[in-house]
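Observations on the model geometry
Spelled out from the first residue to the last, the chains are:
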Amino acid sequence: MKRDPLKQTESRFKQKEIPMTNLTALSNITHSGVTHITLKEITDLLEVHHNDAMHIVERMAENEEFGAITKIPYSHTMPTGGQKQLETYQLNKRQSIAVAAKFNTTLLMESL
């Protein structure tokens, strides 16, 4: 039987322990007046591989209740100080909570 690579990625996220300071930062964002956040910002805070997260968000967006997602260009500052251009999704507050909760149950419990 062949394994689903997305399922393997999702289970890898659940096993990773995220530093509490990162969870607190993301929780503060979701409780502030911010209306949109990028998937890249979420993956950086939760220390999740962005490319894997992109596939999972695309899968989540197949459910119409999740809502439409918008792919946008994003300029990421590398640790060396250089810039890297990539594409990411812009998510609304509700979507960002759903995505972050998919990767970390602790954050979900703090957001409720």
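Read on for a plain summary of the structure.

What counts and how
Residues numbered from 1 in each chain as written. Predicted model: local features only at pLDDT ≥ 70, side-chain atom pairs only at ≥ 80, totals over all residues. Heavy atoms only, no water. Helix = DSSP H or I, 4+ residues; strand = E, 2+ residues; numbered from the N terminus. Contact = heavy atoms within 4.5 Å. Pairing = 2+ DSSP bridges. Axes fitted to C-alpha atoms, helices over the stretch in contact; angles between N-to-C directions. Core = buried A, V, L, I, M, F, W, Y, C linked by side-chain atoms within 4.5 Å. Buried < 20%, exposed > 50% of the residue type's maximum accessible area, 1.4 Å probe, protein only.

For L91, the location among the structural elements is in strand β3 (residues 83–92). Linking L91 and I69, residues 22 residues apart in sequence, is a C-alpha distance of 6.6 Å. If near-sequence neighbours (up to four positions away) are discounted, L91 is found in contact with T35, H36, I37, L39, I42, V57, I69, S96 and V99.

Attention now goes to the sheet that holds strand β2 (residues 70–77). The strands making up a sheet associate through hydrogen bonds between their backbones, and the pairing can be parallel or antiparallel. Judged by pairing direction, the sheet is antiparallel, and its three strands sit side by side in the order β1-β3-β2 without closing on themselves. For this open sheet the edge positions go to β1 (36–38) and β2, each flanked by a neighbour on one side alone. Shown here is a sheet whose adjacent strand axes are inclined to one another by a mean of 40 degrees, direction ignored. Note that β2 and β3 share eight bridges and pair antiparallel. Among the inter-strand pairings, P73 is bridged to a residue of β3, identified as E87.

L39, I42, V57, L91, V99 and F103 are the most contacted members of the largest nonpolar core, which has 16 residues in total. Listed by contribution, the elements that provide at least two residues to this core are α3 (39–46), α4 (50–60), β3 and α5 (93–103). The greatest single-element share of this core, amounting to five residues, is contributed by α4. The contact partners of L39, leaving out residues within four places of it in the chain, are H50, A53, M54, V57, T88, Y89, L91 and V99.

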